[in-house]
Amino acid sequence: MILIDGIIIWIHLLAACIWVGGSIFIGLILAPMLKNIGNSIEERLTLMIKVGRRFNKFAFPSFIILIVSGIYNSRLFFENPNNFFESDYGILLFMKIILTIITFISYIIHIKTFGKEIENRILEDHDPQYLKSIRSKLIGYGRLIVILSVFILLFAALLDSGVKFS
Ligand code: HEM
(Lines give C-alpha, C1' and ligand atoms only; values in the text may rest on other atoms or scores of the structure.)
Protein backbone atom coordinates (compact mmCIF):
# COMPACT_ATOMS: atom_id res chain seq x y z
CA MET A 1 0.00 0.00 0.00
CA ILE A 2 1.35 3.41 -0.90
CA LEU A 3 1.46 6.14 1.76
CA ILE A 4 -1.40 8.14 0.23
CA ASP A 5 -3.75 5.10 0.51
CA GLY A 6 -2.91 4.76 4.21
CA ILE A 7 -3.52 8.48 4.78
CA ILE A 8 -6.90 8.31 3.00
CA ILE A 9 -7.93 5.30 5.17
CA TRP A 10 -6.87 7.33 8.24
CA ILE A 11 -9.04 10.28 7.06
CA HIS A 12 -11.92 7.81 6.41
CA LEU A 13 -11.53 6.39 9.95
CA LEU A 14 -11.33 9.85 11.54
CA ALA A 15 -14.50 10.99 9.75
CA ALA A 16 -16.22 7.70 10.77
CA CYS A 17 -15.28 8.37 14.43
CA ILE A 18 -16.76 11.88 14.32
CA TRP A 19 -19.91 10.78 12.47
CA VAL A 20 -20.67 7.52 14.30
CA GLY A 21 -19.33 8.57 17.72
CA GLY A 22 -21.23 11.87 17.61
CA SER A 23 -24.46 10.23 16.40
CA ILE A 24 -24.27 7.59 19.14
CA PHE A 25 -23.69 10.27 21.78
CA ILE A 26 -26.65 12.35 20.57
CA GLY A 27 -28.98 9.43 19.79
CA LEU A 28 -28.32 7.25 22.82
CA ILE A 29 -27.26 9.70 25.52
CA LEU A 30 -28.45 13.24 24.87
CA ALA A 31 -31.82 12.59 23.17
CA PRO A 32 -33.21 10.27 25.89
CA MET A 33 -32.07 12.85 28.48
CA LEU A 34 -34.55 15.27 26.89
CA LYS A 35 -37.08 13.85 29.33
CA ASN A 36 -35.17 15.14 32.35
CA ILE A 37 -33.21 18.31 31.55
CA GLY A 38 -34.54 21.89 31.44
CA ASN A 39 -37.72 23.39 32.89
CA SER A 40 -40.13 22.89 30.00
CA ILE A 41 -40.52 20.73 26.91
CA GLU A 42 -39.97 23.87 24.74
CA GLU A 43 -36.66 24.50 26.48
CA ARG A 44 -35.55 20.86 26.06
CA LEU A 45 -36.44 20.77 22.40
CA THR A 46 -34.67 24.04 21.55
CA LEU A 47 -31.60 22.85 23.45
CA MET A 48 -31.64 19.60 21.46
CA ILE A 49 -32.02 21.42 18.13
CA LYS A 50 -29.18 23.80 19.02
CA VAL A 51 -26.89 20.89 20.01
CA GLY A 52 -27.84 19.13 16.76
CA ARG A 53 -27.06 22.23 14.72
CA ARG A 54 -23.64 22.59 16.35
CA PHE A 55 -22.98 18.86 15.75
CA ASN A 56 -23.94 19.27 12.08
CA LYS A 57 -21.06 21.73 11.62
CA PHE A 58 -18.74 18.73 12.10
CA ALA A 59 -21.02 15.85 11.12
CA PHE A 60 -22.00 17.10 7.66
CA PRO A 61 -18.39 17.68 6.46
CA SER A 62 -17.43 14.32 8.03
CA PHE A 63 -20.14 12.55 6.04
CA ILE A 64 -18.99 14.19 2.79
CA ILE A 65 -15.39 13.19 3.62
CA LEU A 66 -16.58 9.60 4.25
CA ILE A 67 -18.22 9.49 0.82
CA VAL A 68 -15.25 11.03 -1.04
CA SER A 69 -12.58 8.97 0.76
CA GLY A 70 -14.83 5.87 0.48
CA ILE A 71 -15.01 6.34 -3.30
CA TYR A 72 -11.21 6.68 -3.35
CA ASN A 73 -10.86 3.43 -1.32
CA SER A 74 -13.16 1.66 -3.80
CA ARG A 75 -11.85 3.31 -6.98
CA LEU A 76 -11.14 -0.06 -8.65
CA PHE A 77 -14.85 -0.92 -8.33
CA PHE A 78 -16.04 2.45 -9.62
CA GLU A 79 -13.68 2.21 -12.62
CA ASN A 80 -15.48 -1.01 -13.60
CA PRO A 81 -18.85 -1.29 -11.79
CA ASN A 82 -19.25 -4.96 -12.88
CA ASN A 83 -16.59 -5.72 -10.24
CA PHE A 84 -19.18 -5.02 -7.54
CA PHE A 85 -21.04 -8.21 -8.44
CA GLU A 86 -18.09 -10.52 -9.09
CA SER A 87 -16.87 -11.10 -5.53
CA ASP A 88 -18.22 -11.28 -1.97
CA TYR A 89 -16.11 -8.20 -1.17
CA GLY A 90 -17.79 -6.31 -4.05
CA ILE A 91 -21.30 -7.30 -2.90
CA LEU A 92 -20.58 -6.25 0.69
CA LEU A 93 -19.13 -2.97 -0.55
CA PHE A 94 -22.21 -2.38 -2.72
CA MET A 95 -24.48 -3.03 0.31
CA LYS A 96 -22.37 -0.63 2.39
CA ILE A 97 -22.79 2.06 -0.28
CA ILE A 98 -26.59 1.52 -0.39
CA LEU A 99 -26.74 1.81 3.43
CA THR A 100 -24.65 4.99 3.25
CA ILE A 101 -27.07 6.48 0.69
CA ILE A 102 -30.09 5.58 2.90
CA THR A 103 -28.33 7.11 5.93
CA PHE A 104 -27.47 10.28 4.01
CA ILE A 105 -31.09 10.71 2.83
CA SER A 106 -32.41 10.14 6.39
CA TYR A 107 -29.88 12.66 7.71
CA ILE A 108 -30.88 15.31 5.14
CA ILE A 109 -34.60 14.79 5.97
CA HIS A 110 -33.69 15.06 9.66
CA ILE A 111 -31.82 18.36 9.16
CA LYS A 112 -34.61 19.80 6.97
CA THR A 113 -37.32 18.77 9.46
CA PHE A 114 -35.70 20.66 12.32
CA GLY A 115 -34.77 23.99 10.74
CA LYS A 116 -35.05 27.52 12.14
CA GLU A 117 -38.80 27.63 11.35
CA ILE A 118 -39.53 24.65 13.63
CA GLU A 119 -37.33 26.13 16.36
CA ASN A 120 -39.41 29.36 16.27
CA ARG A 121 -42.68 27.42 16.18
CA ILE A 122 -41.64 25.44 19.27
CA LEU A 123 -41.26 28.71 21.20
CA GLU A 124 -44.57 30.15 19.93
CA ASP A 125 -46.80 27.05 19.80
CA HIS A 126 -47.43 25.63 23.25
CA ASP A 127 -49.67 22.77 22.08
CA PRO A 128 -48.35 19.73 24.04
CA GLN A 129 -49.46 17.33 21.28
CA TYR A 130 -47.38 19.21 18.69
CA LEU A 131 -44.36 19.40 20.99
CA LYS A 132 -44.62 15.69 21.79
CA SER A 133 -44.78 14.78 18.09
CA ILE A 134 -41.68 16.92 17.41
CA ARG A 135 -39.85 15.24 20.30
CA SER A 136 -40.67 11.71 19.17
CA LYS A 137 -39.69 12.56 15.55
CA LEU A 138 -36.38 13.98 16.81
CA ILE A 139 -35.65 10.88 18.90
CA GLY A 140 -36.91 8.51 16.15
CA TYR A 141 -34.70 9.96 13.42
CA GLY A 142 -31.75 10.06 15.83
CA ARG A 143 -32.16 6.35 16.59
CA LEU A 144 -32.60 5.43 12.91
CA ILE A 145 -29.36 7.24 11.99
CA VAL A 146 -27.48 5.52 14.84
CA ILE A 147 -28.75 2.06 13.84
CA LEU A 148 -27.88 2.60 10.16
CA SER A 149 -24.42 3.95 11.05
CA VAL A 150 -23.68 0.98 13.32
CA PHE A 151 -24.64 -1.38 10.44
CA ILE A 152 -22.34 0.53 8.08
CA LEU A 153 -19.53 -0.09 10.59
CA LEU A 154 -20.42 -3.80 10.58
CA PHE A 155 -20.03 -3.85 6.79
CA ALA A 156 -16.70 -2.00 7.13
CA ALA A 157 -15.53 -4.69 9.60
CA LEU A 158 -16.65 -7.52 7.26
CA LEU A 159 -14.84 -5.87 4.35
CA ASP A 160 -11.71 -5.48 6.43
CA SER A 161 -11.77 -9.12 7.57
CA GLY A 162 -12.26 -10.35 3.96
CA VAL A 163 -15.27 -12.46 4.99
CA LYS A 164 -16.59 -15.05 2.47
CA PHE A 165 -20.27 -16.05 2.09
CA SER A 166 -19.47 -19.73 1.41
C1 HEM B 1 -21.27 6.56 7.11
C2 HEM B 1 -20.47 6.14 6.15
C3 HEM B 1 -19.24 5.29 6.36
C4 HEM B 1 -18.63 4.84 7.52
C5 HEM B 1 -19.06 5.09 8.95
C6 HEM B 1 -17.47 4.06 7.11
C7 HEM B 1 -16.60 3.46 7.98
C8 HEM B 1 -15.50 2.71 7.61
C9 HEM B 1 -14.55 2.10 8.50
C10 HEM B 1 -14.58 2.22 10.03
C11 HEM B 1 -13.64 1.43 7.75
C12 HEM B 1 -12.47 0.57 8.28
C13 HEM B 1 -11.16 1.05 7.78
C14 HEM B 1 -10.18 -0.11 7.71
O15 HEM B 1 -9.78 -0.60 8.75
O16 HEM B 1 -9.84 -0.50 6.59
C17 HEM B 1 -14.00 1.59 6.37
C18 HEM B 1 -13.33 1.05 5.32
C19 HEM B 1 -13.70 1.19 4.00
N20 HEM B 1 -14.73 1.96 3.51
FE21 HEM B 1 -16.04 3.02 4.61
N22 HEM B 1 -17.41 4.04 5.72
C23 HEM B 1 -18.47 4.78 5.24
C24 HEM B 1 -18.77 5.02 3.92
C25 HEM B 1 -18.11 4.46 2.86
C26 HEM B 1 -18.47 4.62 1.48
C27 HEM B 1 -19.63 5.49 0.98
C28 HEM B 1 -17.62 3.85 0.74
C29 HEM B 1 -17.54 3.65 -0.73
C30 HEM B 1 -18.01 4.48 -1.64
C31 HEM B 1 -16.70 3.21 1.66
C32 HEM B 1 -15.68 2.37 1.29
C33 HEM B 1 -14.79 1.78 2.15
C34 HEM B 1 -13.74 0.84 1.74
C35 HEM B 1 -13.45 0.34 0.34
C36 HEM B 1 -13.05 0.50 2.91
C37 HEM B 1 -11.83 -0.46 3.01
C38 HEM B 1 -12.32 -1.78 3.50
C39 HEM B 1 -11.17 -2.78 3.64
O40 HEM B 1 -10.48 -2.75 4.66
O41 HEM B 1 -11.00 -3.55 2.70
N42 HEM B 1 -17.02 3.61 2.94
N43 HEM B 1 -15.14 2.37 6.31
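Residues numbered from 1 in each chain as written. Predicted model: local features only at pLDDT ≥ 70, side-chain atom pairs only at ≥ 80, totals over all residues.

Caption draft 1: Region of interest: the overall build of the protein. Regarding its fold elements, the protein presents six helices and zero strands. Along the protein, helices and strands appear, N-terminal first, in the series α-α-α-α-α-α. Principal-axis analysis of the C-alpha atoms gives the protein an extent of 55 × 35 × 25 Å. Buried positions account for 17% of the 166 residues belonging to the protein. When contacts within the protein are restricted to residue pairs at least 6 apart in sequence, those whose partners lie at least 24 apart make up 81%. (Helix = DSSP H or I, 4+ residues; strand = E, 2+ residues; numbered from the N terminus. Buried ≥ 20, exposed ≤ 12 C-beta atoms within 10 Å, placed from the backbone. Contact = placed C-beta atoms within 7 Å.)

Caption draft 2: Inspection of helix H4 (residues 88-113) at higher detail. The first and last C-alpha atoms of H4 sit 37 Å apart over 26 residues, in line with the 38 Å expected at 1.5 Å per residue. Considering only its buried residues, H4 is in contact with helix H2 (41-73), helix H3 (75-79) and helix H6 (128-161). (Expected span 1.5 Å × (residues − 1).)

Caption draft 3: A look at the nonpolar core. The biggest cluster of nonpolar side chains holds 17 residues, and the ones touching the most others in it are Ala16, Trp19, Phe63, Leu66 and Leu138. At the level of secondary structure, the elements contributing two or more residues to this core comprise helix H1 (3-33), H2 and H6. In contact with tryptophan 19, other than residues within four places in its own chain, are Ala59, Ser62, Phe63, Leu66 and Ser149. (Core = buried A, V, L, I, M, F, W, Y, C linked by C-beta atoms within 7 Å.)

Caption draft 4: Quick peek at the site of the ligand. Taken together, 23 residues sit near the ligand, with Ala16, Gly70, Asn73, Ala156 and Asp160 positioned nearest. Tallied by class, the residues present in the shell around the ligand amount to 14 nonpolar, seven polar and two charged. (Near = placed C-beta within 6 Å. Nonpolar A, V, L, I, M, F, W, Y, C, P; charged D, E, K, R; others polar.)

Caption draft 5: Focus on the confidence of the model for the protein. Summarising the model, the protein shows a mean pLDDT of 89, and 99% of its residues fall at 70 or more. For the protein, the element scoring lowest by mean pLDDT is helix H5 (residues 116-124), at 77; H3 scores highest, at 95. (pLDDT = per-residue confidence, 0-100.)

Caption draft 6: Focus on the packing of H4 against H6. At a minimum axis separation of 9 Å, H4 and H6 run at an interaxial angle of 160°. When the interaxial angle is binned, H4 and H6 end up roughly antiparallel. Of the two possible hands of crossing, H4 and H6 adopt the one that is left-handed. Residues of the contact of H4 with H6, tallied by class, amount to 17 nonpolar, six polar and two charged. (Axes fitted to C-alpha atoms, helices over the stretch in contact; angles between N-to-C directions. Parallel < 35°, antiparallel > 145°, perpendicular 65-115°, else oblique. Left-handed = near helix turned anticlockwise from the far one by under 90°.)

Caption draft 7: Layout of the environment of leucine 159. Among the structural elements, leucine 159 can be located in helix H6. Classification of leucine 159 by C-beta neighbours within 10 Å gives partly exposed; the count is 18. Spatially, the C-alpha atoms of leucine 159 and isoleucine 91 are 9.8 Å apart, while their sequence positions differ by 68 residues.

Caption draft 8: Spatial organisation of the packing of H2 against H5. Relative orientation of the contacting elements H2 and H5 amounts to 165°, with a least axis distance of 9 Å. Our classification of the angle between H2 and H5 gives roughly antiparallel. Two packed elements cross with a definite hand, and for H2 against H5 that hand is left-handed. Residues Glu42, Leu45, Thr46 and Ile49 of H2 pack against Glu119, Ile122 and Leu123 of H5. When the residues that make up the contact of H2 with H5 are grouped by side-chain class, the tally is four nonpolar, one polar and two charged.

Caption draft 9: Molecular detail of the environment of isoleucine 118. Along the chain, the position of isoleucine 118 falls in helix H5. Here isoleucine 118 is in contact with Thr113 and Ile134, once residues within four sequence places are set aside.

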